[in-house]
Amino acid sequence: MSISKPLRRKTPLQVPAPKPTSSPQSTSPFVRKCLHIIGGIEPHAARAVDAPSGYGRHASLLAEHGYDVIAMDTDEWALRYIREVRLSENDKIACVVADCSADIPLAPDTIFIAVVVHFISPALLQVLSRVIRTGGYLIYETYGGNGDNYVMLPRPGEIAAELHARFELIYYKEKEVGPKKEAATVKCLAKRVAVPLPNLYTACR
Ligand SMILES: C[S@@+](CC[C@H](N)C(=O)[O-])C[C@H]1O[C@@H](n2cnc3c(N)ncnc32)[C@H](O)[C@@H]1O
């Protein structure tokens, strides 16, 4: 399928955050793998954002890795859980109520790592391409393609096309899903580059 068609701009449908249980919520193995690849914190590069954070499982993971974390979500109850439960474990998470499908309140070039897990919004990727500083990283993982989930997932190639101008794709894996393989699950680790790149992804397909 060509990815030169205009990107779909539907109102994103989202799935709810998993409710926290008394046992620690498991974090995404892919996010953990990416944090391992990125390695230790650089000086002056310690700010990370989890958008949206849900109940903060990845915000906590980022804080455990030493980052100062901003957890964003529209769900005030989930952010309250982070403040009241997770902050007792770790005080390096700031909670912000924000619509992550709009212009999130972060200054350009200030974030070293942005984690986006189980949230589909092309608008958020556009905003993060400005907010993540040069040399910083985006860790992006869609939900799986089970059942009718495919209707909410991006088209094959869509996320790579969204990112190509501002990011080097360190790791990019898609799995086509849906009755006609019209959608894709995506796992991606991307590094923000200073100079816009030519769209090699499109040229190679
Ligand atoms: C499936 S959860 C994923 C949460 C988290 N990334 C995780 O992996 O646990 C989706 C989250 O998106 C939040 N959400 C949905 N629409 C949103 C929006 N427009 N802006 C910010 N958060 C939103 C929901 O409140 C929910 O916490």
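Bear in mind the structure is a predicted one, so any value in this text is a computation, not a measurement.

## Section: the overall build of the protein chain
- Helices and strands together make up the secondary structure of the protein chain, namely six helices and seven strands.
- Along its sequence from the N terminus, the protein chain presents helices and strands in the succession α-β-α-β-α-β-β-α-β-α-β-β-α.
- With 205 residues in all, the protein chain has 40% of them scored as buried.
- Long-range pairs, those at least 24 residues apart, make up 64% of the contacts in the protein chain between residues at least 6 apart in sequence.

## Structural notes on the confidence of the model for the protein chain
- Chain-level pLDDT for the protein chain is 85 on average; 80% of the residues reach the 70-or-more range.
- Low pLDDT, under 50, characterises residues 1-12; the stretch is placed with 17 contacts to residues that sit more than four places away or in other chains.

## Re the site of the ligand
- Contacts to the ligand come from 19 residues, most closely from Ala17, Pro52, Gly54, Asp75 and Cys100.
- Of the residues in the shell around the ligand, the class split is eight nonpolar, seven polar and four charged.

## Topic: the environment of Cys34
- Here Cys34 is to be found in helix α1 (residues 29-38).
- Assessed through the 23 C-beta atoms surrounding it within 10 Å, Cys34 is described here as buried.
- A sequence separation of 136 residues divides Cys34 from Ile170, and the C-alpha atoms of the two residues are 9.8 Å apart.
- Setting aside chain neighbours within four positions, we find Cys34 in contact with Ile139 and Leu189.

Conventions adopted
- Residues numbered from 1 in each chain as written.
- Predicted model: local features only at pLDDT ≥ 70, side-chain atom pairs only at ≥ 80, totals over all residues.
- Helix = DSSP H or I, 4+ residues; strand = E, 2+ residues; numbered from the N terminus.
- Buried ≥ 20, exposed ≤ 12 C-beta atoms within 10 Å, placed from the backbone.
- Contact = placed C-beta atoms within 7 Å.
- pLDDT = per-residue confidence, 0-100.
- Near = placed C-beta within 6 Å.
- Nonpolar A, V, L, I, M, F, W, Y, C, P; charged D, E, K, R; others polar.

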